[in-house]
Amino acid sequence: MNSKLVVGNWKMHGSRASNDPLLAAVAGARPFGCAVAVCVPFPYFADVAAAWRGSELLWGAQDCSAHEQGAFTGEVSAAMLSEFGCRFVIVGHSERRQFHQESDQLVADKAKAALAKGVTPIVCVGESLAQREAGETEHVVKRQLSAVIHTLAHCAGEMVVAYEPVWAIGTGRTASPEQAQAVHAVLRTQLRAATAHADRMKILYGGSVKADNAGSLFAQPDIDGGLIGGASLNAEQFIAICHAAG
Ligand code: PEP
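Residues numbered from 1 in each chain as written. Predicted model: local features only at pLDDT ≥ 70, side-chain atom pairs only at ≥ 80, totals over all residues. Heavy atoms only, no water.

1. Section: the site of the ligand
Now for step 1: Neighbouring the ligand are 14 residues, the closest being Lys11, Glu164, Gly170, Ser208 and Gly230.
Now for step 2: Contact between the ligand and Gly170: an oxygen atom at 2.7 Å from a main-chain N or O atom of the residue.
Now for step 3: Considered on its own, the ligand offers 290 Å² of accessible surface; in the complex 97% of this is hidden by protein.
Now for step 4: Across the shell around the ligand, the residue classes break down as 4 nonpolar, 8 polar and 2 charged. (Near = heavy atom within 4 Å. Polar contact = N/O pair within 3.5 Å; in protein donor to acceptor, adjacent residues only side chain to side chain. Areas by Shrake-Rupley, 256 points an atom, 1.4 Å probe, with all protein chains shown as cover. Nonpolar A, V, L, I, M, F, W, Y, C, P; charged D, E, K, R; others polar.)

2. Here's the deal with the sheet that holds strand β7 (residues 203-206)
Now for step 1: Judged by pairing direction, the barrel is parallel, and its 8 strands sit side by side in the order β1-β2-β3-β4-β5-β6-β7-β8 before closing back on the first. For this sheet the average axis-to-axis angle between neighbouring strands, irrespective of direction, equals 25°.
Now for step 2: Running over the sheet, helix α5 (residues 104-116) touches β4 (88-91) and β5 (120-125) and is turned about 165° from β5.
Now for step 3: Of the strands in this sheet, β5, β6 (160-163) and β7 touch helix α8 (residues 177-192), which is tilted by about 150° from β7. (Pairing = 2+ DSSP bridges. Helix = DSSP H or I, 4+ residues; strand = E, 2+ residues; numbered from the N terminus. Axes fitted to C-alpha atoms, helices over the stretch in contact; angles between N-to-C directions. Contact = heavy atoms within 4.5 Å.)

3. Here's the deal with the layout of surface pockets
Where empty space is left becomes clear once a probe the size of a water molecule has been rolled over the atoms.
Now for step 1: Here the largest pocket is characterised by a volume of approximately 450 Å³.
Now for step 2: Taken together, 20 residues form the lining of the largest pocket, with Lys11, Met12, Gln62, Asp63 and Arg96 sitting closest to its centre.
Now for step 3: At 3 residues, helix α4 (residues 94-99) tops the list of elements feeding residues into the lining of the largest pocket. (1 Å grid on protein atoms, 1.4 Å probe; cavity = no way out; pocket = protein on both sides within 12 Å on 5 of 7 lines; lining within 4 Å. Points joined across faces, edges and corners; volume = space filled by probe spheres on them.)

4. With respect to helix α7 (residues 137-152)
Now for step 1: If you check α7, its first and last C-alpha atoms are 23 Å apart, about what 16 residues at 1.5 Å a residue would give, namely 22 Å.
Now for step 2: Every buried residue belonging to α7 is among Thr137, Val140, Val141, Gln144, Leu145, Ala147, Val148, Ile149, Thr151 and Leu152, and all of these are buried.
Now for step 3: Each element contacted by the buried residues of α7 is listed here: α4, α5, β5, α6 (129-133), β6 and α8.
Now for step 4: In the segment just after α7, Ala153 is the residue with positive phi, at about 50°. (Expected span 1.5 Å × (residues − 1). Buried < 20%, exposed > 50% of the residue type's maximum accessible area, 1.4 Å probe, protein only.)

5. With respect to empty space enclosed by the protein
Now for step 1: If you walk through the whole model with that rule in mind, you get 1 cavity of 30 Å³ or more.
Now for step 2: Estimated volume of the largest cavity: approximately 40 Å³.
Now for step 3: Surrounding the largest cavity, Gly92, His93, Ser94, Arg97, Cys124, Val125, Gly126, Gln144, Glu164 and Val166 form its lining.
Now for step 4: Secondary-structure elements contributing two or more residues to the lining of the largest cavity are α4 and β5.

6. Comments concerning helix α9 (residues 211-218)
Now for step 1: Within the span of α9, buried status applies to Asn213, Ala214, Leu217 and Phe218. For α9, the angular spread of buried residues about the axis comes to 130°, placing them on one side.
Now for step 2: Buried-residue contacts for α9 involve β1 (5-9), α8, β7, β8 (225-228) and α10 (235-245). (Arc of directions from axis to C-beta.)

7. Some words on the side chain of Asp222
Now for step 1: Tracing the sequence through the fold places Asp222 in the loop between α9 and β8.
Now for step 2: Among the residues examined, Asp222 registers a relative accessible area of 13% and is labelled buried.
Now for step 3: There is a polar contact of 2.8 Å between the side chain of Asp222 and the side chain of Gln181.
Now for step 4: What Asp222 contacts, discounting residues up to four positions off in sequence, is Gln181, His184, Ala185, Arg188 and Ile203.

8. Focus: the pairing of β6
Now for step 1: Neither face of β6 is exposed, since Val160 and Ala162 on one face and Val161 and Tyr163 on the opposite face are all buried.
Now for step 2: As defined by bridge partners, β5 adjoins β6 across 4 bridges and the pair is classed as parallel. Across the sheet, Cys124 pairs through a bridge with Ala162, a residue of β6.
Now for step 3: Here β6 pairs with β7 via 3 bridges, running parallel. Paired with Val161 across the strands is Ile203, a residue of β7.

Dropping the structure here:
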């Protein structure tokens, strides 16, 4: 198995009836030659854990609280994720930054809370179309990552980073392999300045990855796999993407 990682982000999609065949199809298409995970809505934890028990397939959540416990109605703590066997948690997805006003520091605090409970945070960074057109891409992603690096301090090497240009998420408009690689290289350099583990850390690309563009994206030297939204809900697409990373 190589060191690539493919993570599906189901977002707020799924039903118990449709999840079962999807999870079974992915399990049945093994081996992949890379690590594979899906981040599912909280109520489906027990189902994905049961469906994939005994396999090397992994799963995770799409958010967690920055707080350990307390009067935070509607929140789910990292300890609760860990208790269920959750391996990953996405933090700072652009949809949460946009629709829930999550700041760079809140995202960093969530990443820290996750790591403290042994759950690997997948920290999303990415620029909007306006920011790219204004030439601010590098500044934006470095600012977003910097908050997490400083908050995690000596543990920074334990996170997974996902570069997700906002203009490519769910739009069908993918960054070209060269555009993505250029940003991944910036992030890798930033990580190198912060941790000795930067070269073995995973930097995933996300944004309209499909079966037909996955191979060229994953061939880039600093693209260590993908965070897959829409295509992770389609067994045939997701399986093909996982094979492209293998
Ligand atoms: C995502 O939501 O993380 C994502 C990358 O979505 P999509 O693949 O649908 O663009």
